[in-house]
Amino acid sequence: LGGVLPKTLSHLKQVAVVGPLAGCAEGVAQPCDAQRAMAGGYNPDPAMAQIVTVADALTKRLVGSGVVNVVLDTSTSQGVELAVNASTGADLAIVVVGDTDGSCGESDDRMELDLIGNQLDLLEAVLKTGTPTLTVLIHGRPVTFGGSPNSKWAGGSNGLLSTGSGGHAVLSIWRPGEAGGEAV
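Think of each chain on its own: its residues are numbered from 1, step by step along the sequence as written. Side-chain atom pairs in this predicted model are given and counted only at pLDDT of 80 or more, local residue features only at pLDDT of at least 70, and totals for whole chains, interfaces and linings cover all residues. The side-chain numbers reported here are obtained from all heavy atoms of the structure, hydrogens and water having been left aside.

K.L.:
Talk me through the pattern of salt bridges; I want residue IDs and the actual numbers.
P.N.:
Note that side chains of opposite charge can pair when their charged atoms are close. Salt bridges, as used here, are contacts in which a Lys or Arg side-chain nitrogen is within 4 Å of a carboxyl oxygen on Asp or Glu. Inspection of every chain in the model, using the stated rule, returns two salt bridges. The shortest N-O distance in the salt bridge between Lys-128 and Glu-124 comes to 3.6 Å. Looking at Lys-128, the relative accessible area reads 59%, which means it is exposed. What makes Glu-124 buried here is its relative accessible area of 19%. We call a residue buried when its accessible area falls under 20% of the maximum for its residue type, exposed when it is over 50%, and partly exposed in between, using a 1.4 Å probe and counting protein chains only.

K.L.:
Tell me about the state of the cysteines, and name the residues and values.
P.N.:
Simply put, disulfide is the name for a covalent bond between the sulfur atoms of two cysteines. Any cysteine sulfur atom paired with another within 2.5 Å is treated as part of a disulfide. Applying the stated rule across the entire model yields one disulfide. Across a sulfur-sulfur distance of 2.0 Å, Cys-24 and Cys-32 are joined as a disulfide pair. Linking Cys-24 and Cys-32, the disulfide has an S-S dihedral of approximately -65° and is accordingly described as left-handed. Of the two residues, Cys-24 and Cys-32, neither departs from the other in class, the shared state being buried.

K.L.:
Help me get a handle on the nonpolar core, residues and values and all.
P.N.:
Generally speaking, soluble globular proteins have nonpolar side chains that are buried together. The biggest cluster of nonpolar side chains holds 25 residues, and the ones touching the most others in it are Val-17, Ile-94, Val-96, Leu-134, Val-136 and Ile-138. Only DSSP runs of H or I with at least four residues qualify as helices, and only runs of E with at least two residues qualify as strands; both kinds are numbered from the N terminus onward. Mapped by element, the contributors of at least two residues to this core are strand S1 (14-18), helix H1 (33-39), helix H3 (54-61), strand S3 (92-98), strand S4 (133-138) and strand S5 (168-174). In this analysis, two residues are considered to be in contact whenever any of their non-hydrogen atoms come within 4.5 Å of each other. In this view, Ile-138 contacts Leu-21, Ala-37, Met-38, Val-96, Val-97, Gly-98, Asp-99, Ile-173, Trp-174, Arg-175 and Pro-176; residues no more than four positions away in its chain are not counted. For the purposes of this section, nonpolar cores are sets of buried Ala, Val, Leu, Ile, Met, Phe, Trp, Tyr and Cys residues that join through side-chain atoms within 4.5 Å. If you look at the next biggest cluster of nonpolar residues, it comprises 21 residues, including Val-97, Leu-115, Leu-123 and Phe-145.

K.L.:
Break down helix H4 (residues 77-87) for me, citing the residues and quoting the values.
P.N.:
Restricting attention to buried positions, one finds in H4 the residues Gly-79, Val-80, Ala-83, Val-84, Ala-86 and Ser-87. Buried residues of H4, viewed axially, fall in a sector of 165°; they line one side. Those residues of H4 that are exposed and angled more than 90 degrees off the buried face are Ser-77, Gln-78, Glu-81 and Leu-82. Just past H4, the residue Gly-89 takes up positive phi, approximately 85°. The reported arc concerns the directions from the helix axis to the C-beta atoms and nothing else.

K.L.:
How would you sum up the pairing of S1? Please name residues and give values.
P.N.:
For S1, the buried fraction is high: four of the five residues fall into the buried class. Relative to strand S2 (residues 67-71), S1 runs parallel, the two sharing five bridges. Across the sheet, the residue bridging to Gln-14 is Val-67, located in S2. One requirement defines pairing of two strands: DSSP has to find at least two bridges between them. Where S1 lies against S3, four bridges are found, and the strand directions are parallel. For Val-18, the partnering residue across the bridge sits in S3 and is Val-95.

K.L.:
Lay out the sheet that holds S4 in plain terms, naming residues and giving numbers.
P.N.:
The strand order S2-S1-S3-S4-S5 describes an open sheet built from five strands, whose pairing is parallel. In this open sheet, the two edge strands, each paired with only one partner strand, are S2 and S5. In this sheet, adjacent strand axes meet at a mean angle of 20° when their direction is disregarded. A fitted line through C-alpha atoms serves as each axis, taken over the contacting stretch for helices, and the angle formed by two N-to-C directions is quoted from 0 to 180°. Relative to S2, H3 is tilted by about 165°, and along the sheet it contacts S1, S2 and S3. The sheet contacts of helix H5 (residues 119-127) involve S1, S3, S4 and S5, and relative to S3 the element is tilted by about 170°.

K.L.:
How would you explain H5 if you had to name every residue and give the values?
P.N.:
Structural remark: α-helix, 3.6 residues per turn; residues separated by three or four positions point the same way. With respect to burial, H5 is a largely interior element, eight of its nine residues being buried. Taken together, the buried positions of H5 are Gln-119, Leu-120, Leu-122, Leu-123, Glu-124, Ala-125, Val-126 and Leu-127. Of the surrounding elements, those touching the buried residues of H5 are S1, H4, S3, S4 and S5.

Structure follows, in structure tokens:
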């Protein structure tokens, strides 16, 4: 997959794990958005707090062998800039994006299929660094990467996915549940 997957973790010296669904920010009550997204809103809150996020799992697996730079708050231009800085020069950038339990589910109809908020801006910025990038997509509905008619990347071909030169793969994990982070 463009030289991005499969990856042997032992060869990675620096990994950037970025995105609004990568993990739980310090001090945020659990379950956080990342845990809720992985569960899909079908588990009771106490069970969701046990869900291992992508950032948690990778940080645990790479202890002692590599550096994991985690940027979770990417909702602002400053957050996207931090994600770009973490990704620049890394062996691998992992961008975790998708739907929260409030953007996909019963009575949460959408007019467009693109990722919500500034997630496409985040993905574009990281891809432009040239760092090999794995996009982990947590979702419960069809998703486009700029293919929606009203998207600024409109063109019908999900053109954003061809941005960058470092290689890119998309891993769709849907709603993976409590061991989803470890599975990635």
